[in-house]
Amino acid sequence: MTMTLQLGEKHFSSPQPESAARRIVTFKVGERTFGIDVGMVREIKGWQATTPLPHAAPHVRGVLNLRGVILAVYDLRTAIGLGATDATATHVIVVVDVADKTAGLLVDSVSDIVDVPVSAVRPAPDLERDERGLIEGLVLLESDIVALLDLAAVIRDGGAEAQPRTSRAA
Amino acid sequence: MDPLAELKQTFFQECEELLGALEQKLQALDEGSGDPEDVNAAFRAIHSIKGGAGAFGCTGLVGFSHVFEAALDHLRSGRVAIEDAPFTLFLRCADAVADLVAAARNDEPASERPDLLAALEQVGKEPQAAAAVPTPAPAPEPAAPAAEGDAPPGIAALGNLIAMVEAKTAAPAADDGWDDEPAAATSGRDVHLRITPESDLFRRVIEPRVVLGSLPAEDIVSIRCDLSQVPPLESLDVSDCWMRFEVGLRTELSIEELHGRFDFSLANEEFEIVFPEEAEAEAPQASEAAPEPEVSSAVAADLSAILARLGPVSEAAAEPDIRPAPVEAAAPVPAATMDTAAGRTAPRAPVVETAKRQAVSVRVDLDRIDKLMNLVGEIVITQSMLVECVRSLPYDVHAKTAEGMLTLSRQTRELQDHVMAVRAQPVKAVFQRMPRLVRELAQTLGKEVRLVLEGENTEVDKTIIEELADPLTHMIRNSMDHGLETPDERVAAGKPPEGTIKLIAEHRAGRIVISVTDDGRGIGRERLLAKARSRGLVGTDERLAPEEIDQLIFAAGLSTAEAVSDISGRGVGMDVVRRNVESLGGRISVDSDPGRGCKFTLALPLTLAVLEGMVIRCGGDRYVIPIASVIETQHLAATPIERLPFGQEVLRWRGEVTPLYRLGAVMGSTGATDENIIIIAENERGNTIGIAVDEIVGQQQVVVKSLEANYGTVNGASAATILGDGLVALILDIDSMLRLAASGGRAFQSDLKMAG
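Our subject in this report is the structure included herewith. (Residues numbered from 1 in each chain as written. Chains lettered and ligands numbered in written order. Predicted model: local features only at pLDDT ≥ 70, side-chain atom pairs only at ≥ 80, totals over all residues. Heavy atoms only, no water.)

Here we look at the overall build of chain B
Here is step 1: Scanning chain B from N- to C-terminus turns up 26 helices and 22 strands.
Here is step 2: For chain B, the proportion of its 756 residues judged to be buried stands at 48%.
Here is step 3: Relative to all contacts within chain B whose residues are 6 or more apart in sequence, the contacts with residues 24 or more apart total 70%.
Here is step 4: Accessible surface computed for chain B: about 35,200 Å², of which carbon and sulfur atoms make up 54%. (Helix = DSSP H or I, 4+ residues; strand = E, 2+ residues; numbered from the N terminus. Buried < 20%, exposed > 50% of the residue type's maximum accessible area, 1.4 Å probe, protein only. Contact = heavy atoms within 4.5 Å. Areas by Shrake-Rupley, 256 points an atom, 1.4 Å probe, with all protein chains shown as cover.)

If you want it as structure tokens, here you go:
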């Protein structure tokens, strides 16, 4: 029951000029829609059991084996403060490249790949709840508002309740 | 890659080996081995380096090596007794050659070492006056010196000849008799060169133009190319060279200089230097000299190989039909012949060595082995996955496949062992660099130090070897700078002025244990403790056992050096070492005996790739304990467990009180635990602990996968592996687990239920 969608580089390898458009993969956690640049996504695979790590941060779901490479899976739901995902076969792990590491992001489902003009990306509003500084910007679609994730922040301090918001200047 | 660059790369790789051999042999000689074979080996090494350096145009290296080689040759020829030779100087020169090689490799300007060169030039100068004069006498009959000494006769004779020629050029005043002839060569006379390259000339990336171009153009009187050897067109291989040249020179160059011109393009048997006017007079001796090497073909392996090469050439010289030009039917003068013969042995040596190495080993890119290793790792995982699949089959199918599975698993294991063996390398590769470090430091610090190496042939995985150099360098520096006293202090303390550092490698319980022991002053505990207190690492009223104080040396930012020196003492020493070692899955510990010395012990896994593990289950999770740490297992029910006053559970094992840890609690396992089994394990310091687990699932080889690569350090675990069902299991690290247990889980201890 492991459905793997390979996003081969050949589909998206043409570098998008910053002025033109950003191609974004959107996915859902509950009712919220999040997005990341397609270039960061290595593949999307069905939920797979992970091995918990002792005394890890709550949003660190555990580690799994991706064709011989061990990577950590982060629960986005926990990271945004909505508790742990009760993972089932319909849940999805988005495998992403962040900095020089590979990580998995546990989400409810992947919705779409959309091209948005760069002008449609708004800076993250300084809201009271900006998902703990995990958001890099907002994309306004006709039907939806997509929150662009700062993946490095999600992985670094997502879900760390004690993490002071002010620590993130960018 | 560009083939030349590739060749150059290979040359530098070889240089490393050659430098290692050179240093090792010189070291052995320095310690008084007195073995002429060591001298020969050292000479061959430096000669090979010089040859390669010439081919690649590393002039600085060539120049230095040449002088060094010449100095070593005095030993080879026996002109300088091995016992009297300045090996300390030679060792420093070997270091200098290493520097030059490094400079050439990085395309940096080479540093001149006039001091060493001058010292090298002196080698053999004093004895020369006495020894060089008598030696010319037996020279014309090479058989005579051949009989003396324990060097193989042919070689000794040839060595003597080189010596004589050199003695002549170096000290013309001492000339008499035979020696006068080459002296005459310096006054611009006719010299005839017969260049008969072997057919592989082009394949050695040399062409005749280069060869002839190395002669001074203004001295060349005539050049004749002899194409008579070129085979018929249909059988002509264009990559073979069949050209022969006759070159008439009127030159002031000495024979030796002429030889030098061809040093890097032609082997010595590929050209001949003839003085036409003396050709007939000395013919008889020459013909005697030529076959002489054949007589010695029964000597040591490589020498016989060298001579085997000489043999055919000598025969060729006797066969007129191979000779292109009929004029020189008479054999050449002894001066030329002997010089040629003498030169032959040495320059051919590298070729023979190469040939020998090709026969026994293949140079493989480490990358390829790594890929192979990864693949084998995957096979191991797949294989254990298959085993589990097969187990769930109906019995009749299972029974049929089980046998095959058994064979497969045996073969997989064998395959793995063999691949591991390919990667295994003796620690020598790292140990070899240490004598130089010690020498240089000793000089800087003004201390007298003897370095003793043991267990250099202990084999470890290549990946580990590479990571060993830094920690070892640091540890030795530390011992030399802080541990050992100056000679005066040592004498005052009733010790010999020369300090000893022992570097020992051995295999112990599936690990490689490397220790650095010095006989210095030991760790200054009071100073260390005071410093730790002043930095707030230790509370002011905290009492520490002496051993605990010693361990502070690994704390970050602590250095006991009174003054920060170039060598160590910046406080970034031992804590960095500890971190390096721990990142390799190893441990470091220190034992100090005040006033008598200090011992650092490194324990590292033999390989970073695979380990034999016991798979255990605790709650909903499985873990792997390295078999090497497991001493025995027993049932929990049969073991009386007691509690110490402060709550720590202990059990009695072999009469010792052993602390017991419940794995589920320490590692935060998911699900309810139901401990049945106690595993008695051993930590790095040899202390035993009991670990309570639910079940032992099995024992298997597991492929070690890094957690750091994509995540980070995990407390309690050194790495992870993939089990047969594709799930990840953590590989427990006993010491790290104990620290985790002591800290009580600390941050992020969460009640959050993690799905398994």
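So that's the structure; there's more coming.
Side note on the packing of aromatic side chains
Residue and element names in this part refer to chain B.
Here is step 1: Per the stated rule, a full pass over the model turns up four aromatic pairs over all chains.
Here is step 2: Geometrically, the ring pair formed by Phe68 and Phe90 is tilted, given 5.8 Å between the ring centres and 45° between the ring planes. Highlighted residues: Phe68 in helix 3 (residues 59-76) and Phe90 in helix 4 (residues 87-105), separated in sequence by 22 residues.
Here is step 3: Residue class for Phe68 comes out buried when judged on its relative accessible area of 0%. (Phe/Tyr/Trp six-rings, centres within 6.5 Å; stacked < 30°, edge-to-face > 60°.)

A short note on the nonpolar core
Here is step 1: The biggest cluster of nonpolar side chains holds 70 residues, and the ones touching the most others in it are A:Phe27, A:Leu76, A:Val94, A:Leu105 and B:Leu663.
Here is step 2: If we ignore the near neighbours within four places in the chain, the residues touching A:Leu105 are A:Phe27, A:Tyr74, A:Leu76, A:Val92, A:Ile93, A:Val94, A:Leu149, A:Leu151 and A:Val154.
Here is step 3: Judged by nonpolar contacts, the second largest core, of 46 residues, contains B:Val449, B:Val460, B:Leu602 and B:Leu604. (Core = buried A, V, L, I, M, F, W, Y, C linked by side-chain atoms within 4.5 Å.)

Description of unusual backbone geometry
Residues and elements named next belong to chain A.
Here is step 1: The residue His55 is not glycine, and still its phi comes out positive at about 55°.
Here is step 2: Among the secondary structure elements, His55 is positioned in the loop between strand 4 (41-46) and strand 5 (60-66).
Here is step 3: Despite not being glycine, Ala99 shows a phi value in the positive range, around 50°.
Here is step 4: Note that Ala99 resides in the loop between strand 7 (92-98) and strand 8 (101-107).

Let's talk about the sheet that holds strand 11 (residues 597-605) of chain B
Residue and element names in this part refer to chain B.
Here is step 1: What the five strands build is an open sheet, ordered 6-8-9-11-10; its pairing is mixed. Looking along the sheet, the strands with just one partner apiece sit at the ends: strand 6 (448-454) and strand 10 (587-593). The sheet shows a mean angle of 15° between the axes of neighbouring strands, direction not considered.
Here is step 2: The sheet contact formed by strand 6 and strand 8 (residues 498-508) spans seven bridges and is parallel. Bridging across to strand 8, Val449 finds its partner in Gly499.
Here is step 3: Here helix 20 (residues 462-483) sits on the sheet in contact with strand 6, strand 8, strand 9 (511-518), strand 10 and strand 11, set at roughly 170° to strand 11. (Pairing = 2+ DSSP bridges. Axes fitted to C-alpha atoms, helices over the stretch in contact; angles between N-to-C directions.)

With respect to the interface of chain A and chain B
Here is step 1: With 24 residues of chain A in contact, the opposing surface of chain B contributes 32 residues.
Here is step 2: Summing the contributions of chain A and of chain B, the shared interface buries around 2,500 Å²; its carbon and sulfur component is 63%.
Here is step 3: When the area that chain A buries against chain B is broken down by residue, the three leading residues are A:Pro54, A:His55 and A:Ile70, summing to 29%.
Here is step 4: If you look at where chain A meets chain B, you find five residue pairs in polar contact (both at pLDDT 80 or more).
Here is step 5: For the side of chain A that touches chain B, the secondary-structure elements that each account for two or more residues are strand 5, strand 6 (69-75) and strand 8 of chain A.
Here is step 6: Class assignment of the residues belonging to the side of chain A that touches chain B gives a composition of 16 nonpolar, six polar and two charged. (Buried area = accessible area lost by both parts, 1.4 Å probe. Polar contact = N/O pair within 3.5 Å; in protein donor to acceptor, adjacent residues only side chain to side chain. Nonpolar A, V, L, I, M, F, W, Y, C, P; charged D, E, K, R; others polar.)

Focus on the pairing of strand 9 of chain B
All names here are of chain B.
Here is step 1: Of all eight residues in strand 9, six are buried, a share of seventy percent or more.
Here is step 2: Bridging between strand 8 and strand 9 involves eight bridges; their strand directions are antiparallel. Counted as the bridge partner of Glu506 is Val513 from strand 9.
Here is step 3: Bridge count between strand 9 and strand 11: eight bridges; the pairing is antiparallel. When the sheet's bridge partners are listed, Arg511 is paired in strand 11 with Pro605.

Re a negative patch on the surface
Here is step 1: On the surface, B:Asp541, B:Glu542, B:Glu547, B:Glu548 and B:Asp591 cluster together into a negatively charged patch.
Here is step 2: Looking at the element boundaries, B:Asp591 is found in strand 10. (Patch = residues over 30% accessible without salt bridge, like charges linked within 9 Å, V, L, I, M, F, W, Y side chains within 5 Å. Salt bridge = Lys/Arg side-chain N within 4 Å of Asp/Glu carboxyl O. Lys, Arg positive; Asp, Glu negative; His and termini not counted. Charge placed at Lys NZ, Arg CZ, Asp CG, Glu CD.)

Focus: the pattern of salt bridges
Residue and element names in this part refer to chain B.
Here is step 1: Enumeration according to the criterion identifies 30 salt bridges over all chains in this entry.
Here is step 2: The salt bridge involving Lys50 is made with Glu69; its shortest N-O contact spans 2.9 Å. With Lys50 in helix 2 (residues 36-55) and Glu69 in helix 3, the pair connects residues that are 19 residues apart, well separated along the chain.
Here is step 3: Assessed through its relative accessible area of 7%, Glu69 is described here as buried.
Here is step 4: One network of salt bridges, in which partners are shared, links Glu23, Asp95, Asp99, Arg436, Arg439 and Glu440.

Things to note about the pairing of strand 19 (residues 688-693) of chain B
Residue and element names in this part refer to chain B.
Here is step 1: Most of strand 19 is tucked away: five of the six residues are buried.
Here is step 2: Sheet topology note: the strand 17 (residues 656-662)/strand 19 ladder contains three bridges and is parallel. Of the residues in strand 19, the one forming a bridge with Tyr661 is Ile691.
Here is step 3: Across six bridges, strand 18 (residues 677-682) lies against strand 19 in antiparallel orientation. Bridge assignment links Ile679 to a residue of strand 19, and that residue is Ile691.

A closer look at a nonpolar patch on the surface
Residue and element names in this part refer to chain B.
Here is step 1: A surface patch of nonpolar side chains, about 250 Å² in accessible area, is lined by Leu375, Ile379 and Leu415.
Here is step 2: Looking at the secondary structure, you find Ile379 in helix 16 (residues 366-391).
Here is step 3: Its relative accessible area of 36% is what places Ile379 among the partly exposed residues.

Comments concerning the packing of helix 4 of chain B against helix 5 (residues 114-122) of chain B
Residues and elements named next belong to chain B.
Here is step 1: Where helix 4 meets helix 5, the axes come as close as 10 Å, and the angle between the chain directions of the two elements is 140°. When the axes of helix 4 and helix 5 are compared, the pair comes out oblique. The interaxial crossing formed by helix 4 with helix 5 has left-handed handedness. From helix 4, Leu89, Phe90, Arg92, Cys93 and Ala96 reach across to helix 5, where they touch Asp115, Leu116, Ala119 and Leu120.
Here is step 2: Classifying every residue of the contact of helix 4 with helix 5 by side-chain character gives seven nonpolar, no polar and two charged. (Parallel < 35°, antiparallel > 145°, perpendicular 65-115°, else oblique. Left-handed = near helix turned anticlockwise from the far one by under 90°.)

What about the sheet that holds strand 18 of chain B?
Residues and elements named next belong to chain B.
Here is step 1: Pairing is mixed in the open sheet, where six strands are placed in the order 14-18-19-17-16-15. Either end of the sheet is taken by a strand with one partner, and the two such strands are strand 14 (630-635) and strand 15 (641-643). Neighbour-to-neighbour, the strand axes of the sheet open up by a mean angle of 35°, direction not taken into account.
Here is step 2: Relative to strand 16 (residues 649-653), strand 15 runs antiparallel, the two sharing three bridges. Bridge assignment links Glu642 to a residue of strand 16, and that residue is Val650.
Here is step 3: On the sheet, helix 26 (residues 734-743) packs against strand 17, strand 18 and strand 19 and is oriented at approximately 75° with respect to strand 19.

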